[in-house]
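# Notes for the structure review
If you want the building blocks of each chain, they are given just below.
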Amino acid sequence: MFGLSMKTIYLLVPLFPLGGALLAGLLGRKIGRSGSHTVTILGVAVSFALSAFVILPDVMSGNTFNGTVYTWGVSGGIPIEIGFLIDGLTATMMVVVTFVSFMVHIYTVGYMRDDPGYQRFFSYIALFTFSMLMLVMSNNFLQLFFGWEAVGLVSYLLIGFWYTRESAIFASLKAFLVNRVGDLAFLLGIAAIYKTFGTLDYAAVFAIAPQYASQTLEIVSGVDWNLITLISILLFVGAMGKSAQVPLHVWLPDSMEGPTPISALIHAATMVTAGIFMVARMSPLFELSTTALSVVLIIGAITALFMGLIGLVQNDIKRVVAYSTLSQLGYMTVALGVSAYSAGVFHLMTHAFFKALLFLGAGSVIIAMHHEQDMRKMGGLKKYMPVTWITMWIGTLALIGFPGFAGFFSKDTIIEAVHTSSIFGSGFAYFSVVTGVIITSFYSFRLLYLTFHGKPRMDEHTRNHLKESPLVVTVPLVLLAIPSIVIGALYIEPIVFGDLFGNAIFVLPEHDVLATLKESWQGIGQYMAHGVKALPFYLMLAGWLGAWLCYIKYPHLPGVISKKFAFIYRLLENKYYFDHFNNIVFAAGARLTGRLFWRLGDERLIDGLAVNGSARVVGWVSSLVRHIQSGYVYHYAFAMIIGLFTLITFFLHG
Amino acid sequence: MFADNLLSLVIWLPILGGLAVLAIGDDRRAPVIRILSLVISLATFFASVLLYTRFDAKTADMQFVELSPWIEAFNVNYSLGIDGISLLLIILTTFTTVLVIIASWKVIQKKVAQYMAMFLIMEGLMVGVFSAMDALLFYVFWEALLVPMYLIIGIWGGPRRVYAAIKFFLYTFIGSVLMLVSLIYLYYKAGESFDIQTLYAVKLDLTEQIFIFLALFAAFAVKIPMWPVHTWLPDAHVEAPTGGSVVLAAIMLKLGAYGFLRFNIPIAPDASQELAFFMIVLSLIAVVYIGLVALVQEDMKKLIAYSSISHMGFVTMGLFLFNPQGMEGAIIQMISHGFISGALFICVGMMYDRMHSRLIKDYGGVVNTMPVFAAFMLLFGMANSGLPATSGFVGEFLVILGAFQVNHWYAAIAALTLIFGAAYTLWMYKRVIFGKVANDKVKVLTDINARETMLLATLAIAVLVMGIWPYPFLEVLHVSVDNILSLASVSKL
């Protein structure tokens, strides 16, 4: 295209958003608000166009790429490089990331219209797009970690975007530190790979990994662990941080302190799915360790079930969507655990569209409500905001997996895959994902009913000013609603049962649950027909019915239920006390230990006892030998010289 | 005319220039003094860049060698020469000195000539330490350095400057005396020679090696400083003026690590291997213990001082892993820490100049009045937390890679810095920079001016370039590091 080589085009995809970020960030004051949003939107638009209309078709026609851009550094004769790996998996991620980012950029023009930090915001989200692209396009572990940390940085900046709010800057610090816990393990995993394979290049590592399948590492003396298991689990702990899996999930709900567009882009559609992408990318390693896969599966199942439950009791509209995101990330992780990597990535993709839609819809509601987020003060919004209302319905139907909508195909595939799997933990996981369906359906319709239906509960002033959001907000909603309907039906065949991902994903034949599903695959019509006869469909209806009963038919019912099950209600409301535990044990514990080391170790022992103590000893000795103490410097110098001579004599003749 | 004496030029230009500045020595001529000092430091910096461009990265031999007799009666020579390790540290020294002179432009109004002269003289002496190939010459440069730093803290320092200056002096001086003893011992063992490369070849049994190692350790560990001989550093930093803190953190701490590389490891290789575990344990204590202590500091300068000690733990650990990743990582960490800690001390200095407080609780919401400054400080804070694409990541990453090859627990404990480093840096940043305007003093703060912006931008570029493309830094190290590693692997027993 335009005479450019494909390698140049690959390079341009991340560089366009980077250019936008630099222009808006460094020259924001000069080019102004419209200048800033123009350059960043153009940048991401070009990225999207290149990804969707040049790179993806090129990859689908069979052209993959794996090459170096530059050598970062060499140590011990091993080069560490920055480079790209472009295959079906990468190309899919690039399209998803740039499309959602593009929509969010446009939406931001409306959402952040009155914000004094307008240019800064555009600079950050463009920088995020660059970082995320570098992450998914990487062909090696170093660059993966670069992108990984860079998206974490931008996430930190954006959660704390409104830096005068105490809750926001607390949430941003918390997010960064919790992610760092995962990163610690991730980095050790990379170090283990470097030690074992002597390279950080994906292709090289994957090629020789099977030879190391039974190699062990002595963790402590006498305890040997399988090396690949260890590496896989370390990498997965990194994924747990970024993709907010229990117990490293605590930062994600708090991240809702950031502006809504980034909740959609970073904390729902793209960054939090980096962990899912990473594990899928590492499938040649994870496949070698069923232990690691079981760990992935169980963590995912716990997250899918228990985080969904918290969503039932949230009153903040964004937090409901946030807990839903946690739960859906659990679904994706479960898919990875049963080796249905492509199903996990497929759900990642459909989820990116409908969850971004739900967040942006929630944002549209928040604009109309003058930044009120409490659903108990909403109600009956449908007649004021028809576009938001309808698109939110579409998003909800996609999320709960209503047959025909995007989420149906991806979620049903996961449930079927888990059902087929026989790996350790798959029974529990099946229970979680099936129960999760009724929970998802309930909290989703609860949100819809509380917000858009029933009687309006806001004050007079707010109600009089209710109106639909401007076009820059509603157009992205509509553009996201379209894939939320059709993307599942369109892509289930190429992604899950076809070979869009080609060699990007490696599954051992004995783990290949999707192959079993593929045998009965007879097209999307048949798949839907089967869907409405299966258990999850009726659970979904039950959840819907429950929400209707609780929030439309008998609105006093939730109060009664929460009193009746006060213990469970309190447990959910306090989010299983994870935050309390972390605050007391880790945060306060670290401060206490630090103070102890400082006051006791440094000040009392080292300075007090050793340094000043020896000074006191000297003082005491000198009080005895006062008569030879004259106060003249040359006397001391003389004493020192004598001491020196004594030492030298001792060394030479000793 | 200096083509053959480039190293001497880099040493003596700032020292003689400093003496000249001292001779002008009158505050009424302060503008001239400032410009003259800047010109001298810039000239020195460019001379050191010439060293880089003319450096041959393919040989392990010492380069730019100069040799002339000095005290012939004791066979002491004025002997200079550098390898890639010295090269990077020399450039760091000359680079930092330029920045220190710019940073002190407005702040220092009294005794300007003396102040500038001290930094120029220190610059020459430090380059001397990094290029001396004669042990006694090394010792002379090393000891001479104490005087200007002592004066900087003692004259331009804060309220407890005398206590801090004496603590600094005694701590480091006691260590130095033991170093002198072991150097004299080696002198006789080597047949009356102080030539460092001759000392490498001296046969020593294990007991001798261990004694020599520990005597040198006393000098070098104090300087770095390693736990538990670190308590002089926070006091010195708190009392020192900004320029003093920058030189102390960016360069002086590296003298100790350089000493380990140049003396302990090649001269006492068996003792080094024997005591490697001991060194690594002390280093890990520095990372963890000091990291936690940094978390609860109330004074920003103390916090950064403790952070320095913690980061230097990576250096000492990297040196004693005895693999290329560890050692190159350690050296990269030294350079990077020079940029980052220097930048952070300059940042704190800029706030101190405006608010006259270093206490975290006196701040809050600085971003509202100093947004440009806040952006720079965030970059340096992130670099201090080891964020990839900043220089802070490169050294730590390589050391962790090296550590994992020796023992995965070393790597795991060291990697805790990922959490601690981010926690103490960003928590401080949150309390100082973010939030609502905390008080009237913050409310009237003015953002950094053009000179200050240029200063921080220069450091920001250094931090980013080294993070995104450390290749040119690593390239000059490989052969030199391999040389040290091969010396370390040949037993003298």
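Here we summarise the structure given alongside this text. Since this is a predicted model, take the numbers as computed values, not measurements.

This next bit is on the side chain of Ser283 of chain A. All names here are of chain A. The topology assignment puts Ser283 in helix α12 (residues 283-286). Overall, the relative accessible area of 0% leaves Ser283 in the buried class. Dropping the residues within four chain positions of it, Ser283 is found in contact with Tyr341, Ala504, Ile505 and Phe506.

Next up on the list: unusual backbone geometry. Geometrically, the link from Ile224 of chain B to Pro225 of chain B is a cis peptide bond, its omega value of -20° lying close to zero. Among the secondary structure elements, Pro225 of chain B is positioned in the loop between α8 (206-223) and α9 (232-239). A cis amide bond links Trp227 of chain B to the next residue, Pro228 of chain B, at an omega of 5°. Summarising the element assignment, Pro228 of chain B is placed in the loop between α8 and α9. At Tyr576 of chain A, a residue that is not glycine, the phi angle is positive and equals roughly 60°. Position of Tyr576 of chain A among the secondary structure elements: in the loop between α25 (566-573) and α26 (578-624). Of note in this structure, Ala389 of chain B is not a glycine but carries a positive phi near 75°.

Of the residues lining the interface, 70 residues belong to chain B; the matching set on chain A comes to 60 residues. Summing both partners gives a buried area of about 5800 Å² for chain B against chain A, and 76% of it is carried by carbon and sulfur. Ranking the residues of chain B by area buried against chain A places Phe404, Leu418 and Lys430 of chain B at the top, with a combined share of 11%. The interface formed by chain B and chain A includes one salt bridge. Lys430 of chain B is paired through a salt bridge with Glu166 of chain A; the nearest N and O atoms lie 3.0 Å apart. Put simply, chain B and chain A have 19 residue pairs in polar contact (both at pLDDT 80 or more) between them. Each residue belonging to the side of chain B that touches chain A can be placed in one class, and the counts come to 50 nonpolar, 12 polar and eight charged.

As a further point, take the packing of helix α17 (residues 406-420) of chain A against helix α22 (residues 524-531) of chain A. Residues and elements named next belong to chain A. Two numbers describe how α17 lies on α22: the axes approach to 11 Å, and their chain directions differ by 65°. Compared by their axis directions, α17 and α22 come out roughly perpendicular. Viewed along their axes, α17 and α22 form a crossing whose handedness is left-handed. Counting all contacts with α17, which are made through Phe408, Phe409, Asp412, Thr413 and Glu416, the residues of α22 involved are Ile524, Tyr527, Met528, His530 and Gly531. By residue class, the composition of the contact of α17 with α22 is five nonpolar, three polar and two charged.

Rules used throughout
- For every chain, the first residue of the written sequence is number 1, and numbering continues from 1 along that sequence.
- Throughout, the order in which chains and ligands are written sets their labels, letters from A for the former and numbers from 1 for the latter.
- In keeping with the predicted nature of the model, local features appear solely for residues at pLDDT of at least 70, side-chain atom pairs appear and are counted solely at 80 or more, and the whole-chain, interface and lining totals rest on all residues.
- Only hydrogens and water are set aside when side-chain values are computed; all heavy atoms of the structure are taken into account.
- Helix and strand definitions follow DSSP, with helices as H or I runs of at least four residues and strands as E runs of at least two, each counted in order from the N terminus.
- Any residue under 20% of the maximum accessible area for its type is buried, any over 50% is exposed, and the rest in between are partly exposed; the area is computed with a 1.4 Å probe on protein chains only.
- Note on contacts: a residue pair is in contact if any heavy atoms of the two residues lie within 4.5 Å.
- Buried area, as used here, totals the accessible surface that two parts lose on assembly, with accessibility defined by a 1.4 Å probe and the loss added over both.
- What makes a salt bridge here is a side-chain nitrogen of Lys or Arg within 4 Å of a carboxyl oxygen of Asp or Glu, nothing more.
- N or O atoms within 3.5 Å of each other form a polar contact, as long as, within protein, one can give a hydrogen and the other can take it, and as long as residues adjacent in sequence are counted only when both atoms are side-chain atoms.
- Ten residues, namely Ala, Val, Leu, Ile, Met, Phe, Trp, Tyr, Cys and Pro, are considered nonpolar, four, namely Asp, Glu, Lys and Arg, are considered charged, and the remaining ones, Gly among them, are considered polar.
- Axis definition: a line fitted to C-alpha atoms, over the contacting stretch in the case of helices. Angles run 0 to 180 degrees between N-to-C directions.
- In this scheme, roughly parallel covers angles under 35 degrees and roughly antiparallel covers those over 145, while 65 to 115 is roughly perpendicular and the rest are oblique.
- Throughout, a crossing is termed right-handed when the near helix is turned clockwise from the far one, and left-handed when it is turned anticlockwise from it by less than a right angle.

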